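Survey of secondary and tertiary structure
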Amino acid sequence: MAKLQPEIRAALLGEAIEGPSIVFASYMVGSVSSEHGRVGKKEAKPEGERSLPFAAVVDLENRLAARIARAAEDGELQSTDEAASMLYIWAHISGDEPVRNWIARSFDRPDFAPWLMRTFTSKGFGQSFGDMVSRRFYSVNRESLETLLDVERLELAARDMMSRGEDPNEVAAHFLEGLNEPF
């Protein structure tokens, strides 16, 4: 089977970006970006082993950032389980400001702050030596989150939700617990 020409490969990836799965699109773009050393701490592959030329990768990254921005604006992002990853990818490609601005503009919408709390709170389980039962814990990477939003504002919103008794799913409680978790 013949290998696809880079132009055809780039065109197909461009179509995937506009397809139904923003998560799949980000995975595919991340894969070709990593070949150029643009994702994580991986070294770039030698030029002859890369799937696409650099200019095509940058174009795909920009198209992906635009797709994530549209998904944020139209509400699609809020129904995606990988929303936190999508926001970090958007910020990695476009810089933090577009993401920070979108979050700041959206913050006072109903259910937005609880969504942020849920999105950026990780749940894990741990067990100490001798424990018969594992303990559930929540964590929030404050340092990373501060690149995208005003953590203190979100923390105040969580405290306010709890003081009003408006935390039926405990997203505010879990978020606050996560902020204080030493992990």
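**As for the confidence of the model for the protein chain**
Of the residues in the protein chain, 96% have a pLDDT of 70 or more, and the chain-wide mean is 91. Per-residue pLDDT, averaged within each element of the protein chain, yields its smallest value for strand S1 (residues 122-126) (84) and its largest for helix H5 (residues 96-106) (98).

**Concerning the pattern of salt bridges**
Inspection of every chain in the model, using the stated rule, returns 11 salt bridges. One salt bridge connects Glu152 with Arg142, and the closest N-O pair in it is separated by 3.5 Å. Linking Glu152 in helix H8 (residues 151-163) with Arg142 in helix H7 (residues 142-145), this pair joins segments that are 10 residues apart in sequence. For Arg142, a relative accessible area of 26% gives the class partly exposed. The salt bridge partner of Arg159 is Glu155, with a shortest N-O separation of 3.0 Å. Placement of the pair is Arg159 and Glu155 together in helix H8, with a separation of 4 residues, close to one helical turn. Look at Arg159 and you get partly exposed, because its relative accessible area is 43%. By relative accessible area, which is 17% here, Glu155 ends up buried.

**Some points on the nonpolar core**
Leu87, Trp102, Leu116, Met117 and Phe175 are the most contacted members of the largest nonpolar core, which totals 47 residues. Counting residues per element, the ones that place at least two in this core are helix H1 (6-17), helix H2 (22-34), helix H3 (54-74), helix H4 (83-94), H5, helix H6 (112-119), H8 and helix H9 (171-180). Top element by residues in this core is H3. It accounts for 8 residues.

**Observations concerning the packing of H4 against H5**
Axis angle and axis distance: for two packed helices, these are the angle between their axes and the distance between the axes, and together they describe the pair. Interaxial distance between H4 and H5 falls to 6 Å at its minimum, and their mutual angle equals 135°. If you check the angle between H4 and H5, you find them oblique. On H5, the residues that touch Leu87, Trp90, Ala91 and Ser94 of H4 are Asp96, Pro98, Val99 and Trp102. A per-class count over the contact of H4 with H5 returns 6 nonpolar, 1 polar and 1 charged.

**Concerning H3**
Its 21 residues place the ends of H3 30 Å apart at the C-alpha level, agreeing with the 30 Å of an ideal helix rising 1.5 Å per residue. All of the buried residues in H3 are Ala56, Val57, Leu60, Glu61, Leu64, Ala65, Arg67, Ile68, Ala71 and Ala72. Buried residues along H3 sit against H1, H2, H4 and H5. Phi for Gly75, located one or two positions after H3, is positive at around 90°.

Parameters and conventions
- Here, residues in each chain are numbered from 1, in the same order as that chain's written sequence.
- The model is predicted, so local features are restricted to residues of pLDDT at least 70 and side-chain atom pairs to those at 80 or more, both for listing and for counting; the totals for chains, interfaces and linings are taken over all residues.
- Each side-chain value is worked out from all heavy atoms of the structure, with water and hydrogens disregarded.
- For every residue, the predictor reports its confidence as pLDDT, a number between 0 and 100.
- Secondary structure elements are taken from DSSP: a helix is a run of H or I of four residues or more, a strand is a run of E of two residues or more, and numbering for both begins at the N terminus.
- By salt bridge we mean one thing: a side-chain nitrogen of Lys or Arg within 4 Å of a carboxyl oxygen of Asp or Glu.
- Whether a residue is buried, partly exposed or exposed follows from its accessible area with a 1.4 Å probe, protein chains only, as a fraction of its type maximum: under 20%, in between, or over 50%, in that order.
- Here the nonpolar core consists of buried residues drawn from Ala, Val, Leu, Ile, Met, Phe, Trp, Tyr and Cys, with membership extended through side-chain atoms lying within 4.5 Å.
- Interaxial angle, 0 to 180 degrees, is taken between N-to-C directions of lines fitted to C-alpha atoms, where a helix line uses only the stretch in contact.
- Geometric relationships in this document are graded by angle, where less than 35 degrees denotes roughly parallel, more than 145 denotes roughly antiparallel, 65 to 115 denotes roughly perpendicular, and other angles denote oblique.
- Every residue pair with non-hydrogen atoms within 4.5 Å of one another is taken to be in contact.
- Lys, Arg, Asp and Glu make up the charged group, whereas Ala, Val, Leu, Ile, Met, Phe, Trp, Tyr, Cys and Pro make up the nonpolar group; the residues left over, Gly among them, are polar.
- How far a helix is expected to stretch is found by multiplying one less than its residue total by 1.5 Å.

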